[in-house]
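Chain by chain, the residues run as shown.
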Amino acid sequence: MLYQNARQVLLHFHIKSVLGSKPPSACPALSGPAGLTVMAGRLSESELHYPSRLLEYLNGFRVSKVIFSACELGVFDLLAQSQKPLSAEAVAQELRISADGAERLLDALVGIGLLEVEAAEREALYSTTELSNTYLTRTGGKSLHGMTVYLSQTVYPLWGNLTETIREGKNQNEKTFGIPSEDIFKAIYRSDEEMLKFMGLMNSTWAIDGHDVVTAFDLSPFKTVVDLGGCGGALARELSREYPSADVSVLDVPRVVQAAKQHFSQTDDTIRFVEGDFFSGEIPPSDLYILARIIHDWKEGKALQLLQKVHRSCRPGGGVLIVEALLFENRRGPITAQIFSLNMMVQTQGRECPPSHYRHLLSAAGFRNVQVHRTGKSYDAILGTK
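Residues numbered from 1 in each chain as written. Predicted model: local features only at pLDDT ≥ 70, side-chain atom pairs only at ≥ 80, totals over all residues. Heavy atoms only, no water.

1. Structural notes on the environment of His 373
Topologically, His 373 is positioned in strand E9 (residues 368-373). What makes His 373 partly exposed here is its relative accessible area of 31%. Taking the C-alpha atoms as reference, His 373 lies 6.2 Å from Ala 216; in sequence the two are 157 residues apart. Setting aside its immediate chain neighbours within four residues, His 373 contacts Ala 216, Phe 217, Asp 380 and Ala 381. (Helix = DSSP H or I, 4+ residues; strand = E, 2+ residues; numbered from the N terminus. Buried < 20%, exposed > 50% of the residue type's maximum accessible area, 1.4 Å probe, protein only. Contact = heavy atoms within 4.5 Å.)

Right under this line is the structure:
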């Protein structure tokens, strides 16, 4: 249920600066999921003389921080709400930041492709693009603002200890946040503020990936659906919109359910929230269970115990829908899932896996007829039936 670093949209922003206006087909050494491009394979002759792409990747963290800072400062929100383009000085005054800093940040955002600039005689005037309006404002149609804040304030500090993670083979919650490495959700929910950030992350995730995973298979035969660990209910809402006749509920711990009702409920909600703990408590009977970004948090033994428990609660003819970022069996990608897997080591006890791993787990738990659907985006779907 955790978000992993290097989301595709952020990779897109960065890699766009690598490729310029070239389409992916113009760079045969670069390939990746869903139209994204990443450095893979051998460098060209020119790259061996001057490693331009490698330098771009080495500085990729700076690109991410430019976007993070702009979101945290409210740059995109201010420019989107403005009736006209604004100068760096006007932005600085409105946001109470330095004029010099504002100008440099705005110019960098223009370079990345997230802002437009009109060069006037005495000053430059800045405005948002369709991309930043849609994804980086708080009120955008598919806002990733919550995701961006979580990446900046939680994931980025953890990744500062990636070398230690690889050396020690365990997550860095204790070194980063002072929380024992064994209790991963105590670290994630270490304060009400952090819990809401995480819930905002999950809402952002399903704003762009939810529809693809709930339509990966025909789920209309399942009349009751329980999203286990469904957080603020964003994925459950996507499913409910697609299958309006289904009875859809979200089961999560009381603290999360209460926050979901207070901060993430919608006036036209058709989903229900149920307090519970799917590890220590009862799992209500249902036709279908969703485990979205849950299995990858845990070591194999604990994941299998959970799936066996789900199987016992599942009605005959029912099933379980697992949503995860799937690796290729040949270990050659996708790069997004490979980076995600490193994040699982930095932040949790789990990892990303190829389809064969989930087939094995589901079979061992008692599920049959396992189907796998790759969406071509960040998250894929696996369906097993009882």
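2. Some words on the pattern of salt bridges
In total, this model carries 14 salt bridges according to the counting rule given. The residue Asp 212 makes a salt bridge to Lys 377 at a minimum N-O spacing of 3.1 Å. Placement of Asp 212 in helix H13 (residues 192-214) and of Lys 377 in the loop between E9 and strand E10 (380-385) is noted, with a sequence separation of 165 residues between them. One salt bridge connects Glu 238 with Arg 241, and the closest N-O pair in it is separated by 3.1 Å. Within this pair, Glu 238 and its partner Arg 241 are both found in helix H14 (residues 234-242), separated by three residues, close to a single helical turn. Judged by relative accessible area, Glu 238 falls into the buried class, the value being 16%. According to the relative accessible area criterion, Arg 241 is exposed, its value standing at 53%. In this structure, a network of salt bridges that share partners links the residues Arg 190, Glu 193, Glu 194 and Lys 197. (Salt bridge = Lys/Arg side-chain N within 4 Å of Asp/Glu carboxyl O.)

3. Digging into the sheet that holds strand E8 (residues 314-324)
Read across the sheet, seven strands follow the order E6-E5-E4-E7-E8-E10-E9 without closing on themselves; strand pairing throughout is mixed. Unpaired on one side and paired on the other, strand E6 (272-275) and E9 mark the two borders of the sheet. Taken pair by pair, the neighbouring strands of this sheet meet at an average axis angle of 20°, ignoring direction. By the bridge criterion, six bridges tie E8 to E10 in an arrangement that is antiparallel. Looking at E10, one finds that Glu 324 is bridged to Asp 380. (Pairing = 2+ DSSP bridges. Axes fitted to C-alpha atoms, helices over the stretch in contact; angles between N-to-C directions.)

4. Describing the packing of aromatic side chains
In total, this model carries nine aromatic pairs according to the counting rule given. Ring geometry for Tyr 150 against Phe 198: centres 5.8 Å apart, planes inclined by 65°, an arrangement best described as edge-to-face. With Tyr 150 in helix H9 (residues 145-159) and Phe 198 in helix H13, this pair connects stretches of sequence that are 48 residues apart. Here Phe 198 falls in the buried class, since its relative accessible area comes to 0%. Joined through ring pairs, the aromatic side chains of Tyr 150, Phe 185, Tyr 189, Phe 198, Phe 278, Phe 279 and Trp 298 make up one cluster. Cation over ring: Lys 65 sits above Tyr 156, and NZ or CZ is 4.8 Å from the ring centre. Above the face of the Phe 279 ring, Lys 302 is positioned so that its terminal group lies 4.6 Å from the ring centre. (Phe/Tyr/Trp six-rings, centres within 6.5 Å; stacked < 30°, edge-to-face > 60°. Lys NZ or Arg CZ within 6 Å of the ring centre and 35° of its normal.)

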